[in-house]
Each structure stands twice: as structure tokens, then as C-alpha cells.
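Chain by chain, the residues:
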Amino acid sequence: MITVHHLNESRSQRILWLLEELEVPYEIKFYKRDATTNLAPPELAAVHPLGKSPVITDGDLTIAESGAVVDYIVRRYGAGRLAPDPASPAYDTYQEWLHYAEGSAMLPLMLLLYTMRLGEAAAPLKPRIDSEIDNHLGYIEASLAGRPYFMGEDFTGADVQMSFVGEVAAVFGRATDKPNLSAWLKRIHARPAYAAAVEKGGVYAYA
């Protein structure tokens, strides 16, 4: 059985959601952020050397990194659900979204998070960070035009993987002028499996 090593208020929330969507049995091992530093506890490093979440164990296998975890669960347990046919051109687009979320889209949002703590010292970086955020959110907004989900009419693992990007953008107030992104966030948050995952995972400020 899959064990999700779940850090509160983290990207691992979307892994719980994915498992709920697929109705795959799983266990949760909870880890709490340090109240002072907001960092993960050292116990997570015993699961994976990076000491970060999400990370899952499935038998003797340990997998870290959100995109890899989503890909593994959908391939191993999806039975053809939540992903296009691997032989179709749509599958390559699906894979692009899995990599894009953390490989590109999250970087300027994380830079914004860290530089907000620097106050005026971060002023020289702000125009470039804002420009990159606008670039990525503009791309996401355009990609969702006329479609309910990233792959079109069908909800897939791409939506699960992209959820944290949209949620963080919304928390930073960057989605207010993005109607497609905002509508998509409401749509995924209304899914019963999403609500079930939040109930099991604990407080999640991004929901």
C-alpha cells in the first residue's frame, strides 16, 4: 500500500487528492513544519535524503518530486484514468504540464515568497520577478481559455500537478485578473475528492 509522507501546508496535499480521485487505498504519515523556521522536520530526511515533501513509499520503492509521484501513481494505479493514451499526441502535452508546474511556473512564485521577507532589499529583483509571474500566469490563462481543464474536457493528472501553482498565485492575489484560472480553481476545489483529501490531510490554507 502507498504511504504518503505528508507535510502540513505543502505540495503533498495534491498527492492525497490524486489518490482520492483514483480511489486508491493509502496511508498517511504526518509531519509537522517547525513553528519557527517553517521548515520540514528532520524525520523526513530518513525517508528521502532531501528531507522534503511530497514523497511516497510503495513497498520497497521510494519516490520524491511531485511530477514523478503523480506520473507513477497514474501509470501504476490509474488503469487508463486521468491521463491520455500514451500513444496519442495529447500524452506529450500532458507530460509537458507535469514538468512545467515545478520546472518553470513555480520558480518566480517561490522567488516572490522569499523576497517578500527581504522588504526593500528585494526591490531590484521585483520587476523581473513580477514580469516572470505575469508571463507564466498569462500562458496558463490562455491555455485554459474555452476549456474546463488543462487537457480539455477531461480532468487529468495535469490538473492535480498544476493545482499548487494556481493556488499559490491566488494566495498572492495574482489570479484576480485571470478569469479562466480563477474558474478552474473553483472547479477543482469543488470536486468531492479534493474535499475528501483536505479533510484527511488537515488544514490547508491554499484550498
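One can find the structure itself at the top, above this paragraph.
The notes below deal with the structure included here. (Residues numbered from 1 in each chain as written. Predicted model: local features only at pLDDT ≥ 70, side-chain atom pairs only at ≥ 80, totals over all residues. Heavy atoms only, no water.)

Time to look at helix α3 (residues 89–116). Relative to the 40 Å expected for 28 residues at 1.5 Å per residue, α3 spans 40 Å between its end C-alpha atoms, a close match to the ideal helical length. At Y100, α3 shows its largest bend, some 55 degrees. (Helix = DSSP H or I, 4+ residues; strand = E, 2+ residues; numbered from the N terminus. Expected span 1.5 Å × (residues − 1). Bend = angle between axes of the 7 residues up to and from the residue.)

Counting buried positions along strand β1 (residues 2–7) gives 6 out of 6 residues, so the element sits mostly inside the fold. Because side chains alternate across β1, one face comprises the buried residues I2, V4 and H6, and the other comprises T3, H5 and L7, equally buried. As judged from the 6 bridges shared by β1 and strand β2 (residues 26–31), these two strands associate in the parallel manner. By the bridge assignment for β2, H5 is matched with K29. Traced from β1 through helix α1 (residues 13–22) to β2, the parallel crossover comes out right-handed. (Buried < 20%, exposed > 50% of the residue type's maximum accessible area, 1.4 Å probe, protein only. Pairing = 2+ DSSP bridges. Right-handed = clockwise from strand over helix to strand, strands pointing away.)

On to the layout of surface pockets. Each pocket or cavity is described by its volume, and for the largest pocket that value is around 950 Å³. Together, 31 residues line the largest pocket, and R11, R33, K52, M110 and Y114 are the ones closest to its centre. Put simply, the parts of the chain that give the lining of the largest pocket at least two residues each are α3 and α5 (157–171). Ranked by residues supplied to the lining of the largest pocket, first place goes to α3 with 7 residues. Tallied by class, residues from the lining of the largest pocket come to 17 nonpolar, 7 polar and 7 charged. (1 Å grid on protein atoms, 1.4 Å probe; cavity = no way out; pocket = protein on both sides within 12 Å on 5 of 7 lines; lining within 4 Å. Points joined across faces, edges and corners; volume = space filled by probe spheres on them. Nonpolar A, V, L, I, M, F, W, Y, C, P; charged D, E, K, R; others polar.)

A cis amide bond links S53 with the next residue in sequence, P54, at an omega value of 15 degrees. Tracing the backbone shows P54 in the loop between β2 and β3 (55–58). Of note in this structure, E9 is not a glycine but carries a positive phi near 55 degrees. Mapped onto the elements, E9 comes out in the loop between β1 and α1. Notably, L82 is not glycine yet its phi reads approximately 65 degrees, a positive angle. Locating L82 in the fold gives a position in the loop between α2 (66–77) and α3. L82 gets classed as buried once you look at its relative accessible area, which sits at 14%.

Nothing here speaks to function; it is geometry throughout.
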